[in-house]
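# Structural description and commentary
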Amino acid sequence: MRKEHEESTAEPEQKNRSVLQSSLRPEISVIVPTYREAENLPLLIERLSGLRCKNSMDLELLIMDDDSRDGTRELIESLSHDWIRLYTRTSDRGLSRAVCEGLKHARGNVIVVMDADLSHPPESIPELVQALGAGHDFAIGSRYVEGGSTSDDWGTFRQLNSRIATLLAMPFTKVKDPMSGFFALKRCSYESVAECLDPIGYKIGLELMVKCDCERVKEVPIHFCDRRAGESKMTLSEQANYIRHIRRLLIHKYGAWSNLAHFLAVGSLGAIVNLGLLTLLIALGFPLKVSIATAIAISMVFNFALNRRFTFASARKDSIATQFCGFIGACSLGALLNYFVTNELAGEFPFLYPQVAALAGIAAGVCVNFMINQFIVFRSEASSAKTNAKLVSSE
Ligand code: GDD
Ligand code: MN
């Protein structure tokens, strides 16, 4: 085993040896993120070693460990295999971050990522690699294609959880198991997006598939076993991270259109707040006019806060007072346009239901309101160039 963290201070002779070794690139790099997996690693290494011998696979193993202090270091040192490298990470921890660091160090032309707990069968690696050789951009060890399965004792909650998470990934990919942490891709695919990887949480495979724009994805059926030893590190906060990750990917993929979706979602919530408050205030006995005005004012502040926090988050550093005035101005302009369009249409086409005219008025008002907010009120130098480019390119 080579101790990567010591390479920079190595003696000249040692340095030469690592230059020589790094010039002999292995064919495949297997990256395994670990946190407290010392109990599982011996069997994983044994099965990977079996692949090297039986299938003559030229592979290196990169163990990306978040300073587990559970004997992982001692174990790898005692094995002293030159095809295994242990990286002990003390900052920027987390599964995806660990894999990202592994990607930077991987030397093989093909990269495989898998878990350490033997949920993923190492024996499926040749099939994943062959899929790339056959022209696919990405290969996934999949539980949800024909022939794939999960351990029988998965409870209803875990099944449901996994299915909902898979549904949330639908805007990005049609694959059946985008949540899988067992996958392979070519190093050149990774290199083309290395700078823009920004995952949070567990779903590094989804991040890579979306950012690399992979269209030809092969799903290789696997049986996903329950972990052999130790505990899962999946927590509720990791689930919340997944939602945040999905939001980031939406912004990446759909640019300003995702802002529009956020804006509309916030607008709908605002309408609910408005109606709820109006009902409450009237029930409390406030005069109608006061109730209407208060409900409008509060829902506008609510919409402003949510849009500033989520829809236009990239402009959050700019002055809140200026943005608030701009937002109220844009809403007022939108409302005015809504009034004129509805009025004109209802007058010009008396056979139209006034509600239909009002719908057209609302659409026109929302469009203008959104455009002013997007391009003037919440315009930030960083976001505007990117979102403009996205809007133009998808037109
Ligand atoms: N370096 C590092 N840092 N590794 C971590 C961390 C961390 O913070 N958290 C987890 N890992 C490692 C674990 O040691 C294991 O090798 C792998 O990441 C997966 O962690 P598990 O805790 O076993 O995850 P799981 O079984 O709940 O989730 C599995 O299923 C998902 C699909 O349902 C994993 O296979 C995921 O990759 C997969 O997406
Ligand atoms: Mn696991």
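To be clear, the structure that these remarks concern was listed above.
Heads up: these notes are all about the structure in this document.

Cut-off values and rules
Every chain's residues receive numbers from 1 upward, in the order its sequence appears when written. Labels are handed out in written order, letters beginning with A for the chains and numbers beginning with 1 for the ligands. Since the coordinates come from a predicted model, pLDDT governs what is reported: local features require at least 70, and pairs of side-chain atoms require 80 or more to be given and counted, while whole-chain, interface and lining totals use all residues. Water and hydrogen atoms play no part in the side-chain values, which are based on all heavy atoms of the structure. In this description a helix means any DSSP run of H or I spanning at least four residues, a strand means any run of E spanning at least two, and both kinds are numbered starting from the N terminus. To get an axis, a line is fitted to the C-alpha atoms, and for a helix only the part in contact is used. The angle between two axes follows their N-to-C directions and goes from 0 to 180 degrees. Angles below 35 degrees are treated as roughly parallel, those above 145 as roughly antiparallel, those between 65 and 115 as roughly perpendicular, and all remaining angles as oblique. In what follows, residue pairs with any heavy atoms lying within 4.5 Å of each other are defined as contacts. In this classification, the charged set is Asp, Glu, Lys and Arg, the nonpolar set is Ala, Val, Leu, Ile, Met, Phe, Trp, Tyr, Cys and Pro, and all remaining amino acids, among them Gly, are polar. Grid points spaced at 1 Å over the protein atoms alone were grouped into cavities, where a 1.4 Å probe fits but cannot get out, and pockets, open sets with protein on both sides within 12 Å along at least five of seven lines, with lining residues defined by an atom within 4 Å of a point. Grid points are joined across faces, edges and corners, and a volume is the space filled by probe spheres set on the points. Whether a residue is near a molecule or strand depends on its heavy atoms: it is near if one of them lies within 4 Å of it. Nitrogen and oxygen atoms within 3.5 Å of one another constitute a polar contact, given that in protein one can donate a hydrogen and the other can accept it, and given that sequence-neighbouring residues count only through two side-chain atoms. Here, Shrake-Rupley sampling with a 1.4 Å probe gives the accessible areas, and only protein chains in the shown set may cover a residue. Placement in a cavity or pocket follows one criterion, namely that more than half of the molecule's atoms lie within 2 Å of its grid points. Each residue gets one of three labels from its accessible area relative to the maximum for its type: buried under 20%, exposed over 50%, partly exposed in between, using a 1.4 Å probe on protein chains only. Strands are treated as partners if at least two bridges between them are detected by DSSP. Handedness of a crossover is defined as follows: orient the strands so they point away from the viewer, and if the path from the first strand over the helix to the second runs clockwise, the crossover is right-handed. Exposure above 30% relative accessible area and the lack of any salt bridge qualify a residue for a patch; like charges then connect within 9 Å, and the nonpolar side chains Val, Leu, Ile, Met, Phe, Trp and Tyr within 5 Å. Whenever Lys or Arg places a side-chain nitrogen within 4 Å of a carboxyl oxygen from Asp or Glu, that contact is recorded as a salt bridge. The convention is simple: Lys and Arg are positive, Asp and Glu are negative, and His and the chain ends are not counted. Every charge is mapped onto a representative atom, which is NZ of Lys, CZ of Arg, CG of Asp or CD of Glu.

Notably, S80 is not glycine yet its phi reads approximately 40°, a positive angle. Following the sequence through the fold, S80 ends up in the loop between α3 (72–79) and β4 (84–88). Here D92, not a glycine, exhibits a phi torsion of approximately 50°, which is positive. Summarising the element assignment, D92 is placed in the loop between β4 and α4 (95–105).

In contact at an axis separation of 11 Å, helix α8 (residues 204–211) and helix α9 (residues 236–283) are set at 5° when each is read in the N-to-C sense. By the angle between their axes, α8 is roughly parallel relative to α9. Contact with α8, carried on its side by L206, E207, V210 and K211, involves Y242, H245, I246, L249 and H252 of α9 and no other residues of that element. A breakdown of the residues in the contact of α8 with α9 according to their chemical character gives 5 nonpolar, 2 polar and 2 charged.

Quick look at the layout of surface pockets now. Empty space among the atoms becomes visible once a probe the size of a water molecule is rolled across them. Here the largest pocket defines a volume of roughly 1100 Å³. Elements that contribute at least two residues to the lining of the largest pocket include exactly β2 (28–34), α4, α6 (156–168) and α9. When residues of the lining of the largest pocket are assigned to their parent elements, the largest contribution, 7 residues, is made by α6. Among the residues making up the lining of the largest pocket, the classes are represented as 21 nonpolar, 11 polar and 13 charged. The computed volume of the second largest pocket comes to approximately 720 Å³. Taken together, 22 residues make up the lining of the second largest pocket; nearest its centre are G267, N303, C331, V366 and N369. The set of elements that each furnish at least two residues to the lining of the second largest pocket consists of α9, α10 (288–311), α11 (320–348) and α12 (354–377). Here the element with the most residues in the lining of the second largest pocket is α9; it accounts for 7 residues.

A few words now on the site of ligand 1. Around ligand 1 there are 24 residues in total, and E37, D115, M179, K203 and K233 lie nearest to it. One of the backbone nitrogen or oxygen atoms of M64 is found 3.1 Å away from a nitrogen atom of ligand 1. A distance of 2.8 Å separates an oxygen atom of ligand 1 from a polar atom in the side chain of D117. Out of a free accessible area of 740 Å², ligand 1 has 93% covered by protein chains. In this structure, ligand 1 is accommodated by the largest pocket. The set of elements that each furnish at least two residues to the shell around ligand 1 consists of β2 and α4. The residue inventory of the shell around ligand 1, partitioned by class, reads 10 nonpolar, 6 polar and 8 charged.

Moving on, we come to the pairing of strand β3 (residues 59–65). Burial of β3 is extensive: 7 of the 7 residues sit out of reach of the surface. With burial as the criterion, each face of β3 is covered, one bearing L59, L61, I63 and D65 and the other bearing E60, L62 and M64. Pairing of β2 with β3, which is carried by 7 bridges, proceeds in the parallel orientation. Residue pairing in the sheet places T34 in a bridge with D65 of β3. Note on the crossover from β2 through helix α2 (residues 41–54) to β3: the handedness is right-handed. Pairing of β3 with β4, which is carried by 5 bridges, proceeds in the parallel orientation. Counterpart to L62 in the pairing with β4 is R85. On the question of chirality, the crossover connecting β3 to the parallel β4 by way of α3 is right-handed.

On the surface, R244, R309, R316 and K317 cluster together into a positively charged patch. On the secondary structure map, R244 appears in helix α9.

Here the focus is the pattern of salt bridges. Where charged atoms from two side chains of opposite charge come close, those side chains can pair. Within this structure, the stated rule accounts for 15 salt bridges. Between R47 and E123 there is a salt bridge whose closest N-O contact spans 2.8 Å. Here the residue R47 occupies a position in helix α2, and E123 occupies one in the loop between β5 (110–113) and α5 (125–133), the gap between them amounting to 76 residues. Residue R47 is classed as partly exposed on the basis of its relative accessible area, which comes to 27%. Here R89 ties to E101 by a salt bridge, and the two come within 2.6 Å at their closest N and O atoms. Here R89, found in the loop between β4 and α4, pairs with E101, found in helix α4; they are 12 residues apart in sequence, far enough to count as distant.

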